[in-house]
Amino acid sequence: MAKREKSSRRASPSNIGWVVFALTFIAAGVLFVLNYLPYRSYKAISDDCTIKTTGTISGTLTQRKDGYYYYGPTVLYTESRGQKTVLVSALNTLELDTTWEEGQSVNIYYNPDDPSEMILADDTTAYDNYKQALTIGIVIASAGFIVLIITIVASRIMSNPKKYNTNVAGQSYDEWKEQQIKEMAQGILGVAPLDKDQMDSNLKAESENESVALQMDDALSDDDTED
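Residues numbered from 1 in each chain as written. Predicted model: local features only at pLDDT ≥ 70, side-chain atom pairs only at ≥ 80, totals over all residues. Heavy atoms only, no water.

J.: Any chance you could explain a nonpolar patch on the surface here in plain terms?
T.: There is a patch of nonpolar side chains on the surface, built from Phe-145, Ile-149, Val-153 and Ile-157 and spanning about 330 Å² of accessible area. Considering the arrangement of structural elements, one finds Ile-149 in helix α4 (residues 125-159). Assessed through its relative accessible area of 40%, Ile-149 is described here as partly exposed. (Patch = residues over 30% accessible without salt bridge, like charges linked within 9 Å, V, L, I, M, F, W, Y side chains within 5 Å. Areas by Shrake-Rupley, 256 points an atom, 1.4 Å probe, with all protein chains shown as cover. Salt bridge = Lys/Arg side-chain N within 4 Å of Asp/Glu carboxyl O. Helix = DSSP H or I, 4+ residues; strand = E, 2+ residues; numbered from the N terminus. Buried < 20%, exposed > 50% of the residue type's maximum accessible area, 1.4 Å probe, protein only.)

J.: What should I look at first to understand the pairing of strand β5 (residues 114-120) in this one?
T.: Looking along a regular strand, one sees the side chains alternate between the two faces of the sheet. Bridge count between strand β4 (residues 105-111) and β5: four bridges; the pairing is antiparallel. Bridge pairing in β5 links Tyr-110 to Met-118. In this structure, the hairpin formed by β4 and β5 is closed by a connection of two residues. (Pairing = 2+ DSSP bridges.)

J.: Could you clarify how one ought to interpret the nonpolar core in this entry?
T.: What tends to happen in soluble globular proteins is that the nonpolar side chains get buried as a cluster. Counting ten residues, the largest nonpolar core consists of Ile-57, Val-75, Tyr-77, Val-86, Trp-100, Val-106, Ile-108, Tyr-110, Met-118 and Leu-120. Looking at this core, the element that brings in the most residues is β4, giving three residues. Here Ile-57 is in contact with Pro-73, Thr-74, Val-75, Trp-100, Glu-101, Glu-102, Gly-103, Gln-104 and Val-106, once residues within four sequence places are set aside. Within the second largest apolar cluster, seven residues are counted, among which are Tyr-39, Cys-49, Ala-126 and Tyr-130. (Core = buried A, V, L, I, M, F, W, Y, C linked by side-chain atoms within 4.5 Å. Contact = heavy atoms within 4.5 Å.)

Written out as structure tokens, the structure reads:
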């Protein structure tokens, strides 16, 4: 018996709801972290790159950053202290599926304190991915929370169905409806209508009275015959 009750508790809707909520919460968290880290690195660079100018693609090459190799363009631009040839930030081109052509003009932002640090102005991939991941994560987590609430309510209804199928007076819908009809009839007629038991009792009493009356009539008839 104990094993059966334990198995029933495990299969309750609320337990399923908690599992779904946990999975959606973890999925939303992983999605957020994977997209937030590139965005944080990109934002740290973009906050320093405040001067906007136009550069020219002078070539493409593989650049090394933090132990990894990335493909990106070489940009030639003029900054306030002279002409500099600068490699675009690897984080800024990490998710770009772009082919650059030599001589192509591009808008860039560079760091006035360090002209070798610059980003492509038109590349907001990291930020866009972060916003999208944040939105999807909120939707996933919200869906899991809604499922959790629904399953908790369902579990409570299943564990105590009478509480949710009767009113505060403990009446079922049929009992409440019968009471309303009686009260309505009493208001119209000025007297309380008889219920089924009372009607049966009255019919029984009338039947008994009728039987007694018939017996008395028979007795009187017999006396008249004898006279």
